[in-house]
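Spelled out from the first residue to the last, the chains are:
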Amino acid sequence: MGAAWTIARKDLKQRLRDRSAYIIGIVAPLGLALVFGFVLNPLSGFEFEGRFVVADLDRGSVSRAFVEGVLGGIDGIEVIEVDTAAEAETLVDTEVSPLGGTEGIETADAAIIFPVGFSADVQSERPVTIQVIGNQGSETEAGIAVAMVEGYASELTAVRVAVATVENLVGAEVDRLATGVEVLQTPNPVTVRDDTASTKQLDGVTFYAAGMAIFFLFFTVQSGITGLLEERRTGTMSRLLSSPISRTSVLGGKMLSAFLVGLVSMAVLFVATTIAVDADWGPPLGVVLLVLAAIVAAIGIVSIIAGFARSEEQATAFGSMIGMVLGFLGGTFFDVSQAGGLLASLRFLSPHGWFMQGLADLRSDDLTVVVVPVLAMLAFGLVTGAIGVSRLRKGLRP
Amino acid sequence: MTATPGEPVLECSGISKSFGEHAAVTGLAFSVAPGETYGLLGPNGAGKTTTISMIAGLLEPDAGEIRLAGEPMNPDATHTKRLVGLVPQDLAIYPDLDAVENLEFFGQLQGMKGAELERRVAEVLDIIELTDRAQDRTEHYSGGMKRRLNIGVGLLHRPTLLILDEPTVGVDPQSRNAILDSVERLGEEGMAVLYTTHYMEEAERLCDRIGIVDQGKLIAEGTQADLIRIVGQRDRLTLTATGSLAATASALGELEAVDDAGVSGDEVVLIVDRAHDHLPRILEIAARTGSMVKSVNVDSADLESVFLKLTGRALRE
């Protein structure tokens, strides 16, 4: 271990003096992550704010449930109630709004109008219409208002189906309106945890910070392992091998330096992207486990490449090609998990894919979710590393 | 661990090494005594570097045995490797480290540390005359300075046997002389040195005994005087010429006074008994066989003559 550490220390000293090591290990991934981060940052800090004007001409239980229960329960939505549809329409018309700058109230983003008799019509199963008028200058907020009303209408339809089912079962008339509103206001006893991929996605900034970090990790680690071939080219390998140390120490030293360079690179990127672009990698312990496993995988794969390469140049060329393929396959540049089908499945052939999946899974704040990605990456590293080390050991010659 | 009195520092017994179909070294056997400077002299490709690679534990011999101070040497013999200081033909130093860092790194690999290492690094820097440039990265050194540091690394741990593989290749005359002076001093201080070269003058100047190697085989061994006795008191006559040199060499080889005749570049090299007596006849044959002689040089017998006598080829072919 002493000799391996001596070799690793020497390698680290050389890397510290090598500008290209900073570029590959830190500048390039950080630069790309920052570029993507600044482009995407406005979305990452998005918080909805809207002002909706409501004309509840019905004043019934169903309309009040929406106004008070739905709209009133959302932070960021300001509700202005008016008595007539005309007032509501005026408030979303920027040209004629009487509530403009003169009274210190801005125009509303959308107007929602419940017609007279709305609740009764819902009960009697007559067609009902909720009118939503959007402000032309607030397309996003108006769209959200439409979506909320559509969602509520869907809920009402479901309640009406549920009420009809009860009637059939008990054979008695049910107060539909009372039951419907009651059902709407009762918390659903079944909590559905949405585990679809979309809820476990990394936000854009974090996605690119992590993607660039893991992508360049393979190139960072590569320079450490191919250092073996460099020592052979420059003639220093003969001196290492004539020293009273084992070949395992020579290999171990190179791998240790590659591991430490990879670790420092990932740590710098983790801290820098967290501070600079507010990337949220997830719980640190989970991230650390994923990073360590990713470094092991990178060293393993680079070792097998170096083990079969005939020269340093060949190892670098093959390493770059394979690093690019694994990076793209693993979805470090675009989220292939959203692509579905074969492409989404193929990402698990790459340690990059497991790393990104592990980070996405960490959104749940449950550390146990990293076990499978960590084991998968370790398996990549150990299998390829065993073959690579065996080849490299045999190839250790002056 | 050092050689006990009377025991050779290095003993090679019938070592062989092949690379595929090519036999690089065949049945080589020689030994080096404590304090002796032993030269392996031979042309490029003779098997010198393969031989020292096996002695330094870089390569495993296919056959035969190597012992250093009685201990077997092979690539896994880490304990025995402590006895060897290798100075490879290529510059085995790190250009992005300075001289001190290079020496300290290789010293640590030899198990040296702390004050002992620091003291020895300073001593070696003094020996190789690089104390003033010790803190400069070696990439800024001249070729000669790099060569000296390359030797210094080999000396650092006071090896029982210092192996120098063609240490003056590509070095300017001044640096070359400084290197040879250093090796002479090491020999005088009692360090056993194994020195490979294809420069006859270096072997003549430095070595107590010389082994002549050709095509992987040791074809002669002894002191310089022993080896020269092989060719007797014959002279080496060199004709620098243009034209049909091979035909001239062939014709001259037929003369009774000519022991050996060969061609090296634009020279016809002859081993001749009393060359001055036969010079007119030799020049006449050269002209008749189509060679235009530009100059003639006659030297008394040396290692070059020995090599020519033994192989029929010039040393630097």
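Just so it is clear, the model here is predicted, and its values are computed rather than measured. (Residues numbered from 1 in each chain as written. Chains lettered and ligands numbered in written order. Predicted model: local features only at pLDDT ≥ 70, side-chain atom pairs only at ≥ 80, totals over all residues. Heavy atoms only, no water.)

Section: the interface of chain A and chain B
Logical step 1: Taken together, the contact pairs 23 residues of chain A with 28 residues of chain B.
Logical step 2: In this assembly, chain A packs against chain B so that about 2,300 Å² is buried in total across both faces, 57% of it on carbon and sulfur atoms.
Logical step 3: If you sort the residues of chain A by the area they bury against chain B, R17, R239 and P244 of chain A come out on top, with a joint share of 33%.
Logical step 4: A salt bridge links R17 of chain A to E101 of chain B, with the nearest nitrogen and oxygen atoms 2.6 Å apart.
Logical step 5: Seen at the junction of chain A and chain B, the total is 10 residue pairs in polar contact (both at pLDDT 80 or more).
Logical step 6: The set of elements that each furnish at least two residues to the side of chain A that touches chain B consists of α1 (2-16), α9 (227-234) and α10 (236-242) of chain A. (Contact = heavy atoms within 4.5 Å. Buried area = accessible area lost by both parts, 1.4 Å probe. Salt bridge = Lys/Arg side-chain N within 4 Å of Asp/Glu carboxyl O. Polar contact = N/O pair within 3.5 Å; in protein donor to acceptor, adjacent residues only side chain to side chain. Helix = DSSP H or I, 4+ residues; strand = E, 2+ residues; numbered from the N terminus.)

Overview of the packing of α9 of chain A against helix α13 (residues 312-329) of chain A
Residue and element names in this part refer to chain A.
Logical step 1: It is the contact of α9 with α13, at a shortest axis distance of 9 Å, that shows an interaxial angle of 160°. With respect to each other, α9 and α13 are oriented roughly antiparallel. Pair α9 / α13 crosses with left-handed handedness. Between α9 and α13, the residues in contact are L229, E230 and R233 and E312, E313 and A315, respectively.
Logical step 2: A breakdown of the residues in the contact of α9 with α13 according to their chemical character gives two nonpolar, no polar and four charged. (Axes fitted to C-alpha atoms, helices over the stretch in contact; angles between N-to-C directions. Parallel < 35°, antiparallel > 145°, perpendicular 65-115°, else oblique. Left-handed = near helix turned anticlockwise from the far one by under 90°. Nonpolar A, V, L, I, M, F, W, Y, C, P; charged D, E, K, R; others polar.)

Some details on the pattern of salt bridges
All names here are of chain B.
Logical step 1: Applying the stated criterion across every chain yields a total of 31 salt bridges over all chains.
Logical step 2: A salt bridge links E123 to R120; the nearest nitrogen and oxygen atoms lie 2.9 Å apart. Taken as a pair, E123 and R120 lie in helix α4 (residues 114-127) at a separation of three residues, close to a single helical turn.
Logical step 3: Judged by relative accessible area, which is 9%, R120 ranks as buried.
Logical step 4: Here D273 and R274 are joined by a salt bridge, their closest N and O atoms 3.8 Å apart. (Buried < 20%, exposed > 50% of the residue type's maximum accessible area, 1.4 Å probe, protein only.)

Some words on the confidence of the model for chain B
Logical step 1: Overall, the predicted model of chain B reaches an average pLDDT of 89, with 96% of residues at or above 70.
Logical step 2: In the predicted complex, the global pTM is 0.69; the interface-specific ipTM is 0.78. (pLDDT = per-residue confidence, 0-100.)

Description of empty space enclosed by the protein
Logical step 1: With the rule as written, the count across this model stands at three cavities of 30 Å³ or more.
Logical step 2: In this structure, the second largest cavity occupies an estimated 80 Å³ of space.
Logical step 3: Counting residues per element, the ones that place at least two in the lining of the second largest cavity are α10 of chain A together with β6 (84-87) and α5 (143-155) of chain B.
Logical step 4: Looking at the lining of the second largest cavity, the element that brings in the most residues is β6 of chain B, giving three residues.
Logical step 5: Broken down by class, the residue content of the lining of the second largest cavity amounts to five nonpolar, six polar and one charged. (1 Å grid on protein atoms, 1.4 Å probe; cavity = no way out; pocket = protein on both sides within 12 Å on 5 of 7 lines; lining within 4 Å. Points joined across faces, edges and corners; volume = space filled by probe spheres on them.)

Remarks on the sheet that holds strand β2 (residues 77-82) of chain A
Residues and elements named next belong to chain A.
Logical step 1: With respect to topology, four strands assemble into an open sheet ordered β2-β1-β3-β4, the strand pairing being mixed. The two strands at the open ends of the sheet, each matched to only one other strand, are β2 and β4 (131-134). Between one strand axis and the next, the sheet turns by 20° as a mean value, whatever way the strands run.
Logical step 2: The pairing of strand β1 (residues 50-56) with β2 spans six bridges and is parallel. Within β2, the residue paired with V54 across the bridge is E81. (Pairing = 2+ DSSP bridges.)

Some thoughts on the side chain of D96 of chain B
Logical step 1: Relative to the helices and strands, D96 of chain B is located in the loop between β6 and α3 (99-109).
Logical step 2: At 2.9 Å, the side chain of D96 of chain B and the side chain of Q14 of chain A are in polar contact.

A look at unusual backbone geometry
Logical step 1: One non-glycine residue, E129 of chain B, lies in positive phi territory at about 55°.
Logical step 2: Note on placement: E129 of chain B falls in the loop between α4 and α5.

Things to note about the confidence of the model for chain A
All names here are of chain A.
Logical step 1: Per-residue confidence for chain A averages 80 on the pLDDT scale, and 82% of its residues sit at or above 70.
Logical step 2: When pLDDT is averaged over each element of chain A, helix α12 (residues 284-308) comes out on top at 94 and helix α7 (residues 176-185) at the bottom at 48.
Logical step 3: Below a pLDDT of 50 lies the segment residues 96-105, which in the model reaches 11 contacts outside its immediate sequence neighbourhood of four places, other chains included.
Logical step 4: Note on residues 161-174: pLDDT is under 50 here. Beyond four places in sequence and across chains, it has 10 contacts.

Digging into the sheet that holds strand β3 (residues 37-41) of chain B
Residues and elements named next belong to chain B.
Logical step 1: Taken together, six strands build an open sheet; the order of strands is β6-β7-β8-β3-β9-β10 and the sheet is mixed. Since the sheet does not close on itself, it has two edges, and those belong to β6 and β10 (217-222), each with one partner. The sheet shows a mean angle of 15° between the axes of neighbouring strands, taken without regard to direction.
Logical step 2: Where helix α6 (residues 173-188) meets the sheet, it contacts β3, β7 (161-165) and β8 (192-197), and its direction lies at approximately 150° from that of β8.

Considering the nonpolar core
Logical step 1: If you look at the biggest cluster of nonpolar residues, it comprises 113 residues, and the most contacted ones within it are F355 of chain A together with L10, F30, L161 and L194 of chain B.
Logical step 2: Looking at which element gives the most residues to this core, the answer is α12 of chain A, with 13 residues.
Logical step 3: Setting aside residues up to four positions removed in sequence, L194 of chain B forms contacts with L10, F30, V32, Y38, L40, I52, I55, L161, L162, I163 and L164 of chain B.
Logical step 4: Counting residues in each nonpolar core, the second largest holds 27 residues, with I151, M191, M200 and V306 of chain B among its members. (Core = buried A, V, L, I, M, F, W, Y, C linked by side-chain atoms within 4.5 Å.)

Quick notes on the pairing of strand β13 (residues 267-272) of chain B
Residues and elements named next belong to chain B.
Logical step 1: Across the six residues that make up β13, a large majority, five, are buried.
Logical step 2: Relative to β13, strand β11 (residues 235-243) runs antiparallel, the two sharing six bridges. Bridge pairing in β13 links L239 to V268.
Logical step 3: Here strand β12 (residues 258-264) folds back onto β13, and the loop between the two strands holds two residues, one of which, G265, carries a positive phi near 65°.

Here's the deal with the packing of aromatic side chains
Logical step 1: Inspection of the entire model under this criterion finds 14 aromatic pairs over all chains.
Logical step 2: Taking 5.3 Å as the distance between ring centres and 85° as the angle between the ring planes, the aromatic pair formed by F215 of chain A and F216 of chain A counts as edge-to-face. Take F215 of chain A and F216 of chain A: they sit in the same class, and that class is buried.
Logical step 3: Here Y94 of chain B and F105 of chain B contribute two aromatic rings whose centre-to-centre distance is 5.7 Å and whose plane-to-plane angle is 70°, an arrangement assigned as edge-to-face. On the criterion of sequence distance, the pair formed by Y94 of chain B in the loop between β6 and α3 and F105 of chain B in helix α3 is long-range, its members being 11 residues apart. One exposure class covers both Y94 of chain B and F105 of chain B, and it is buried. (Phe/Tyr/Trp six-rings, centres within 6.5 Å; stacked < 30°, edge-to-face > 60°.)

Remarks on the layout of surface pockets
Residue and element names in this part refer to chain A.
Logical step 1: Roughly 550 Å³ of internal volume is contained in the largest pocket.
Logical step 2: Along the walls of the largest pocket sit 28 residues, with R15, D18, S223, E230 and E312 positioned nearest its centre.
Logical step 3: Contributing elements (two or more residues each) for the lining of the largest pocket: α1, α2 (19-44), α8 (204-225), α9, α11 (247-276) and α13.
Logical step 4: Residue composition of the lining of the largest pocket, grouped by class: six nonpolar, 12 polar and 10 charged.

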